[in-house]
Amino acid sequence: MNAPARPSLPRGLYVLCDDTVRPELPLREKAAGLLAGGARVVQLRMKRTPLREALAAAREVVAACRRAGAVCLVNDRVDLALLSGAHGVHVGDEDLPAEEARALLGPEALVGVTVRGLEDAKAARAAGADYVGLGPVFGTTTKQVNAPVLGLGGFAAVVRTSPLPVVGIGGVKLENIAELAATGAHGGAVASDVLLAEDLAERVRRLSAAFDRGAQGASLVGGDV
Ligand SMILES: Cc1ncc(COP(=O)(O)OP(=O)(O)O)c(N)n1
Ligand SMILES: Cc1nc(C(=O)O)sc1CCOP(=O)(O)O
Ligand SMILES: [Mg+2]
């Protein structure tokens, strides 16, 4: 029997299509800009959109991502991920546990889990996660995070030994994403730096290119995972 076809999480820039940053711009327009710039991983993060609107937005954004060949993950809501046909979910401490998300979504879905350190990453692997979102790497004003800022050194230490691919989040921007990638991170998750840009597509291109440059440096010195 064939193994289930779970997509792998593309390496590189990971963008948040977020309704809390620049809330006046509709999610579908944000997604269109991000995808026009070549975004390959889009997380739909809806914290202030009423549930039925969120379902409609999820269906639109997932369909647009699929047309563009991008992976779309829904933040928090396993129900919306299922109903919209998303590739998976990203869950944290206040969401369904990863095991339950996996049980509901099945083996073909991607499940990402928020972690604060190495022990959390080991637990996420045991729970069936595919990758971890580790942060905050830098200070952020997008969300009040109840965990210390790791800094690049603290982040890199977890990346080196994590049993799962690590996506860095929190204050990641054009000025620091190459350094983040050079730690061997699998991805760099960005919300405000890209969503506040005048030209979202151009910002995606620049962030992606900077990540790839940093990752190339990491692989040259043997720091790649
Ligand atoms: C890639 C990535 N990493 C971490 C988070 C944070 O998720 P969570 O802890 O559930 O917090 P909210 O995003 O729900 O506020 C993330 N969204 N993405
Ligand atoms: C949603 C989120 N989670 C974080 C965590 O550390 O768990 S930091 C964060 C905000 C990311 O937004 P920006 O790119 O604007 O800093
Ligand atoms: Mg959450």
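What counts and what doesn't
Residues numbered from 1 in each chain as written. Chains lettered and ligands numbered in written order. Predicted model: local features only at pLDDT ≥ 70, side-chain atom pairs only at ≥ 80, totals over all residues. Heavy atoms only, no water. UniProt positions renumbered as here; feature names shortened; annotations may be inferred. Helix = DSSP H or I, 4+ residues; strand = E, 2+ residues; numbered from the N terminus. Buried < 20%, exposed > 50% of the residue type's maximum accessible area, 1.4 Å probe, protein only. Pairing = 2+ DSSP bridges. Near = heavy atom within 4 Å. Polar contact = N/O pair within 3.5 Å; in protein donor to acceptor, adjacent residues only side chain to side chain. Areas by Shrake-Rupley, 256 points an atom, 1.4 Å probe, with all protein chains shown as cover. 1 Å grid on protein atoms, 1.4 Å probe; cavity = no way out; pocket = protein on both sides within 12 Å on 5 of 7 lines; lining within 4 Å. Sits in = over half its atoms within 2 Å of the grid points. Nonpolar A, V, L, I, M, F, W, Y, C, P; charged D, E, K, R; others polar.

You'll find the protein chain entered in an unreviewed UniProt entry as Thiamine-phosphate synthase, with Archangium gephyra given as the organism. What the UniProt record of the protein chain gives under Sequence similarities (unreviewed entry) is the line "Belongs to the thiamine-phosphate synthase family." If you open the UniProt record of the protein chain and go to Pathway (unreviewed entry), you find "Cofactor biosynthesis; thiamine diphosphate biosynthesis; thiamine phosphate from 4-amino-2-methyl-5-diphosphomethylpyrimidine and 4-methyl-5-(2-phosphoethyl)-thiazole: step 1/1."

Engineer: I keep staring at unusual backbone geometry and nothing clicks. Help me out?
Structural biologist: Of all residues except glycine, most have a negative phi; of all peptide bonds, most are trans. Across the junction of G135 and P136, the peptide omega takes the value -5°, indicating a cis bond. Within the secondary structure, P136 sits in the loop between β6 (131–134) and α6 (151–161). Positive phi, normally seen in glycine, also occurs at R22, with a value near 50°. Here R22 is to be found in the loop between β1 (12–18) and α1 (27–36).

Engineer: What is the right way to read the pairing of β1 from this model?
Structural biologist: Working note: regular strand, side chains alternate between the two faces of the sheet. Counting buried positions along β1 yields seven of seven residues, so the element is predominantly enclosed. Pairing between β1 and strand β8 (residues 187–190): four bridges, direction parallel. For G12, the partnering residue across the bridge sits in β8 and is G187. Here β1 runs beside strand β2 (residues 41–45); their pairing, made up of four bridges, is parallel.

Engineer: Just checking my understanding: could you explain the site of ligand 2 for this structure?
Structural biologist: Lining the immediate environment of ligand 2, one finds 15 residues, of which T140, T142, G171, A191 and S192 sit closest. For ligand 2, an oxygen atom lies 3.2 Å from a polar atom in the backbone of P136. Here an oxygen atom of ligand 2 and a backbone polar atom of G171 are 2.8 Å apart. Contact with the protein chains covers 96% of the free accessible surface of ligand 2, which is 430 Å². Among the detected pockets, ligand 2 sits in the largest pocket. When its residues are assigned to classes, the shell around ligand 2 shows five nonpolar, seven polar and three charged.

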